[in-house]
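Analysis of the macromolecular model
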Amino acid sequence: MARILVYNQDTNRMESFIRSESDAMPYNTNRTLRVREFRGSSKSNLLWTDKRTMQAWNSQRYIYGAPIYVGFAFKRPYEGGHGNQSQHYAGTAFDVGQNLTNAQRAVLRNSASRSGLWGYVEPVTLSPTWVHFDRRFGTPACSSGGYPIIRRGSRGNYVCIAQDDLNTLGFRTGGLDGVFGEQTYNAVRRYQASRGLAVDGIIGCNTWRSLQENVVGTGRTSTTID
Ligand SMILES: [Zn+2]
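Our subject in this report is the structure included herewith. In this text the structure is predicted, and so the values were computed from the model without any measurement.

Secondary structure summary: the protein chain contains six helices and nine strands in total. Its C-alpha atoms give the protein chain a radius of gyration of 17 Å, near enough to 17 Å, the size a compact globule of 226 residues would have. Taken over the C-alpha atoms alone, the protein chain extends approximately 50 × 35 × 30 Å along its principal axes. Relative to its full complement of 226 residues, the protein chain shows a buried share of 42%.

If you trace the four strands from one edge of the open sheet to the other, you get β4-β5-β7-β6, paired in antiparallel fashion. Each edge of the open sheet carries a strand with a single partner, namely β4 (70–72) and β6 (120–121). The pairing of β4 with strand β5 (residues 93–96) spans two bridges and is classified as antiparallel. Bridging from a neighbouring strand, V70 pairs with V96 of β5. Strands β6 and β7 (131–134) of the sheet are contacted by helix α3 (residues 102–115), whose axis makes an angle of about 15° with β7.

Among the seven residues in strand β1 (residues 2–8), five count as buried, and that is most of the element. For β1 and strand β2 (residues 13–19), the ladder comprises seven bridges, and the chain directions are antiparallel. Bridge pairing in β2 links L5 to S16. The antiparallel pairing of β1 with β2 creates a hairpin that spans four residues between the two strands, and N12 there sits at a positive phi of about 55°. Pairing of β1 with strand β3 (residues 46–50), which is carried by five bridges, proceeds in the parallel orientation. Looking at β3, one finds that V6 is bridged to T49.

The next thing to look at is unusual backbone geometry. One non-glycine residue with positive phi stands out, namely Y27, at about 70°. Within the secondary structure, Y27 is located in the loop between β2 and α1 (35–39). Positive phi, close to 50°, is recorded for R31, a residue that is not glycine.

Turning to the nonpolar core, a few remarks are in order. Ranked by internal contacts, the top residues of the largest apolar core, which has 55 residues, are F38, A73, Y158, V159, I161, A162 and L166. The leading source of residues in this core is helix α4 (residues 157–168), at six residues. The two domains that each donate at least three residues to this core are domain 1 (2–134) and domain 2 (140–215).

Moving on, we get to the environment of R39. With respect to the secondary-structure elements, R39 resides in helix α1. R39 sits 33 residues away from F72 along the chain, and the two C-alpha atoms are 7.1 Å apart. With sequence-adjacent residues up to four places away left out, R39 is seen in contact with A2, L47 and F74.

Analysis parameters
- Residues numbered from 1 in each chain as written.
- Predicted model: local features only at pLDDT ≥ 70, side-chain atom pairs only at ≥ 80, totals over all residues.
- Helix = DSSP H or I, 4+ residues; strand = E, 2+ residues; numbered from the N terminus.
- Rg over C-alpha atoms; globule rule 2.2 N^0.38 Å.
- Buried ≥ 20, exposed ≤ 12 C-beta atoms within 10 Å, placed from the backbone.
- Pairing = 2+ DSSP bridges.
- Contact = placed C-beta atoms within 7 Å.
- Axes fitted to C-alpha atoms, helices over the stretch in contact; angles between N-to-C directions.
- Core = buried A, V, L, I, M, F, W, Y, C linked by C-beta atoms within 7 Å.
- Domains from an automatic or database assignment.

Next up, the structure:
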């Protein structure tokens, strides 16, 4: 069983679902993406994604026209396994096609590139034995890329990442719900003060870098929220 938080871009609300491992993901059509596939090797019982990413998957699966084997999708930042500001931690990225030959994978990669559905499709030189594609949202806070700026009033799966980081580091946000409210704002300010960052309660380039450098791959702590 997993609790799945989904950011719905159409309503600007976070939605919460309870699903078993063999259930389809929320907003998935024709059971082409089960919870266990989206989870991959994540051990977390709390997962998150957004509606547009699920819709992109539906379209990608339709265009490709055959089942797509999913090796990895979601991971929580403390579980690690990806780059510090990877979209896998946002629940918007997929590593697929590990079961295919190189020629078959090239067909899948081309299908993803031509679909126009994804913000990024990794070139074969970087991931020769799987195909990575992801949706990414907003303008990256850092010029080098990564997550968008979030602040009080923001909602979505990037807020989930920040709340997860803050709680794991002991800066309690009073819940993990993808809504950047007063308690998250105060937690960000306390974190910034503790690290010598500008104390503005806004998670931009420097604060994102600091949070993710301190959390990615370090494992859960007693203050992590599930
Ligand atoms: Zn990937």
